[in-house]
Structure formats: C-alpha cells, structure tokens
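Coordinates in review
Given next are the chains, with one letter for each unit.
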Amino acid sequence: MEKIGVVGLGIMGAGIVEVFAKSGYSVVGVAESDAAVSLGQSNLAKSLSRAVSRGKLTDEESSGITSLVTWGTDFSLMSDCDLVVEAAPEIMSLKAKIFSELDSCVKSSAILATNTSSLSVTSIAEVTSRRSHVIGLHFFNPAPVQKFVEVISTEFSDSDVVKKVVDLARGLGKEPAQIADQPGFIVNKLLLRYLNHAVRLIDDGISTRDIIDSAMREIAHFPMGPLELLDLIGLDTSVEVLNTIYDDTGIDTDGPASGLTARVNIGELGRKSGEGFYTYAQPHEPATSQDDEGKQRVYVELINAYLASACEMRDSGYATEHDINQGMKLGCGLPEGPFETIARVGSDQLPLN
Ligand code: CAA
C-alpha cells in the first residue's frame, strides 16, 4: 500500500493522518467543508509542533511529514488510494452515505476501513458493492500516541484483506487485535461503561468531578480522570457509543447518563467545542481533591465494576485476557490491564472494599 485516504479530520482523523504520514505514506485528508479541512490541518500542525518542541522531531522531519499530505473536500482526490480510513462522526446514516460515495469513486481493489467507535461494521460494509474489502480499523485518542488498534472483521471479510490490514497496523508501530464485529468492540465497551458510571456518581449526587478525577489518577494511577477523558473522546461520541452498547445489551446502566446527554443537548461536547466537564479556553490543570475518604469510595466503586465487566467480557468468550489487557494498556495508557490488576490484588480479595 502506498497511498492512504482519511475522511473526517477532527482530532481523531487528523491523528490518523499523522500516523500514516509519519510512516512515510502519501496521505489525502478529506473533510466536508473548507473549515473542517483547515481544522484538520491545524490539528496536524499543532501535534507536529508539540513533537518538535519536545525534541521528538526535527523541523525538517516535520516539514517532510506535512509535505506527504494533500487536503481537500472532494472524494475524487482519493480515487487512486489503496486504503481509505473513515473517521467521521458516529452517525450511521452519515457513514452509510460516505461509504457508498467511496465505493463509487475509489478504485475497486482498494480497502475501505471505518474507524467507527462502536457502530456495526457489517452494516457499513453492506452499503457497498465490495463487502469483502470493508473492515474496521479502530484507533485510540490520541492516535499518534496509543499503540493499540482493533481490526474488526465481518462475516464478509476477505481473509487476505484482514491480514493486509493487520500487517499494515504492525508496520505503523501499532499492536493490532483481531476481533469480530460486536458493539463497542473490546476497549470502548469496557471504557465507556466505566466512564458512564463515573458520570452517574455525579448525577446521583454521590461524588464530584474533582473527587472522581483525582481518585482515578491518584489511586488507580490512570493517566486521566474519567471526566477529563470523556472531554477528550467527545461527549457526543461517548453518547453514541453508549447508545449502541445499550441497544445491544438492554442493560439500563449502559444507557448514557443524564449528565452526558444534557451536555450534548446544549452543545457542550468536550475539548472539541471548548466546553464539557472542564472549560478549555485556557489550558487546565488536572483536578485535585483533599477528600481522601471520598476518593477511596469512588475508586472502590469504579474499579470493582470495571474489573467485573472485564471478567464478563472474557467469560463470554468475546475476547482473550491478553487482548483485553493490551487494549486497556496500549489503547488507554493504563498502567496495567484488568487481569493484571486482578492477579496483583488476588482474585479472592475481590470485590475490593
Ligand atoms: N497528539 C500527538 N501526541 C500527543 C498528543 C496529541 N494530541 N497528546 C499527547 N501527545 C504525546 C506527547 O507529545 C508526549 O509524547 P512524548 O512522550 O513522545 O514526548 C506523550 O503523548 C505524553 O504527553 P504529555 O506528557 O503531554 O501528557 P501526558 O503524559 O499527560 O499524556 C495522554 C497525555 C497521552 C493523552 C495520556 O493522558 C493518556 O494516555 N490518556 C488516556 C487517553 C485514552 O484513554 N485514550 C483512549 C480513549 S478511547 C478512544 O479514543 C476510542 C474511541 O473510539 C472513543
């Protein structure tokens, strides 16, 4: 593969552009409007300049990466791409429209991949005339940093296509897990349930943003608190993922918490809109709280539910302990996978109290 298309240039799409360009691929970044293209360009420029300022890239390398990317609003720019990765918002009708357009204008041998966070890859494949060449390729935020990717195959997938995409992901320096098409895949199902649970603690008046975020940073040693992580993922995306999981499981607590839907309804989508659980007008410091008892209570409640959910996923046969551990460590930057936590504390000590 030589030339890669990326459709949708939000934080995730621009991150995917960066991942491919850094590995030397020619990349075409396409979005629905000139403004969306400019946003993608500026997301890439910010990320590269951060890498330069940290001494991770030279100015020449940064310019070299930028010069590998062409930008535009026209899908025909991707007609000769070998792979197109779609990273548009989580709206099935939008993805269906994009895939049917891609199908008609990108060469027939190309692989079309969706970065969907939880929608059915099978349903997306079905709108095309090349169902065997449609696959899920799911990155994690920030895409240039997180090493895990989920490669999602469907009943239609050609095994050579799956292998090509797995090999490609390895070539990008990622660790791919091959999984079947199920709502939330591995990481989002575990992660979003945990994040939603954190919002419910606020909705129910049990805890506060600062206690929850500092508990999970300080006691669990997670890199971010759940509420700041929701802001990074996007509250709209999070609601969509939870709706998909809820539609599948029918479990009440899988439905998006009201503290999430209420924010989305007033346009507070997290970092991308400048306002979510935090305000992003200025760089914010991580939340802190001196309420040690409150933090311990939150930690125990959230971690017990998260570990139980990981065990349920393994026991259902959907994913292996190894893939679940790797997903949570390499997709979300956690210091250890859930089964490593269980081994460390001893399964006879669970649930923690
Ligand atoms: N783009 C590119 N690189 C970035 C970046 C970005 N947006 N943000 C941070 N980085 C890089 C930094 O340059 C730095 O690189 P070096 O170590 O090479 O210098 C590294 O990441 C660490 O950055 P910082 O020191 O600035 O900050 P940090 O140590 O606090 O890490 C973080 C920031 C990487 C975001 C970390 O907090 C983290 O891993 N958080 C968890 C994020 C997570 O859970 N992601 C998955 C969400 S689920 C999802 O995305 C899927 C979905 O479908 C919803």
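None of the values given here were measured: they were computed from a predicted structure.

**Considering the environment of S117**
Of note, S117 is situated in the loop between β5 (111-114) and α5 (121-126). Note on S117: relative accessible area 11%, which makes it buried. Ignoring sequence-local partners within four residues, the contact set of S117 consists of E90, H138, G184, F185, N188, T237 and V241.

**Considering the domain arrangement of the protein**
You can read the domains of the protein as domain 1 (3-180) and domain 2 (187-348). Placing the centre of domain 1 and that of domain 2 at their C-alpha centroids yields a distance of 26 Å. In this complex, domain 1 contributes 15 residues to the contact, which on the side of domain 2 involves 17 residues. A combined buried area of about 1400 Å² lies between domain 1 and domain 2, and 59% of that area is made up of carbon and sulfur atoms. Viewed at the interface, domain 2 and domain 1 are joined by 0 salt bridges. Scanning the region where domain 1 abuts domain 2 turns up 7 residue pairs in polar contact (both at pLDDT 80 or more). Contributions of two or more residues to the side of domain 1 that touches domain 2 are made by β7 (148-153) and β8 (175-180). Sort the elements by how many residues they give to the side of domain 1 that touches domain 2 and β8 lands first, with 4 residues. Classifying every residue of the side of domain 1 that touches domain 2 by side-chain character gives 6 nonpolar, 5 polar and 4 charged.

**Structural notes on the layout of surface pockets**
A volume near 260 Å³ is recorded for the second largest pocket. Of all the secondary-structure elements, those providing two or more residues to the lining of the second largest pocket are α7 (187-203) and α12 (292-315). Among the residues forming the lining of the second largest pocket, the class breakdown is 6 nonpolar, 3 polar and 4 charged.

**With respect to the environment of K189**
Here K189 lies in helix α7. Considered as a pair, K189 and R271 are 82 residues apart in the sequence and their alpha carbons are 22 Å apart. Ignoring any residue separated from it by four or fewer positions in sequence, one finds K189 in contact with P183, G184, I245, D248, T249 and M313.

**Comments concerning the nonpolar core**
One finds L191 and L230 to be the most contacted residues of the largest nonpolar core, which totals 58 residues. Split by domain, this core shows at least three residues from each of two domains, domain 1 (3-180) and domain 2 (187-348). Among all residues touching L230, those that are not within four sequence positions of it are L192, L195, V199, L235, S238, L260 and F277. By size, the runner-up hydrophobic cluster in this structure holds 39 residues, among which are V17, L48, A143 and V149.

**Digging into the pattern of salt bridges**
Applying the stated criterion to the full structure yields 22 salt bridges. For the salt bridge of E336 with R344, the shortest nitrogen-to-oxygen distance reads 2.6 Å. Residue class for R344 comes out exposed when judged on its relative accessible area of 55%. Each of E86, E90 and K95 takes part in one network of salt bridges that share partners.

**Details of the site of the ligand**
Around the ligand sit 21 residues in total, of which R54, S117, H138, N141 and N188 are the nearest. In this structure, an oxygen atom belonging to the ligand sits 3.0 Å away from a side-chain N or O atom of N188. Coverage of the ligand by the protein chains reaches 72% of its 1000 Å² of free accessible surface. For the shell around the ligand, the residue count by class is 11 nonpolar, 7 polar and 3 charged. Residues lining the shell around the ligand come from more than one domain, with at least three contributed by each of domain 1 (3-180) and domain 2 (187-348).

What counts and what doesn't
- Residues numbered from 1 in each chain as written.
- Predicted model: local features only at pLDDT ≥ 70, side-chain atom pairs only at ≥ 80, totals over all residues.
- Heavy atoms only, no water.
- Helix = DSSP H or I, 4+ residues; strand = E, 2+ residues; numbered from the N terminus.
- Buried < 20%, exposed > 50% of the residue type's maximum accessible area, 1.4 Å probe, protein only.
- Contact = heavy atoms within 4.5 Å.
- Domains from an automatic or database assignment.
- Buried area = accessible area lost by both parts, 1.4 Å probe.
- Salt bridge = Lys/Arg side-chain N within 4 Å of Asp/Glu carboxyl O.
- Polar contact = N/O pair within 3.5 Å; in protein donor to acceptor, adjacent residues only side chain to side chain.
- Nonpolar A, V, L, I, M, F, W, Y, C, P; charged D, E, K, R; others polar.
- 1 Å grid on protein atoms, 1.4 Å probe; cavity = no way out; pocket = protein on both sides within 12 Å on 5 of 7 lines; lining within 4 Å.
- Points joined across faces, edges and corners; volume = space filled by probe spheres on them.
- Core = buried A, V, L, I, M, F, W, Y, C linked by side-chain atoms within 4.5 Å.
- Near = heavy atom within 4 Å.
- Areas by Shrake-Rupley, 256 points an atom, 1.4 Å probe, with all protein chains shown as cover.

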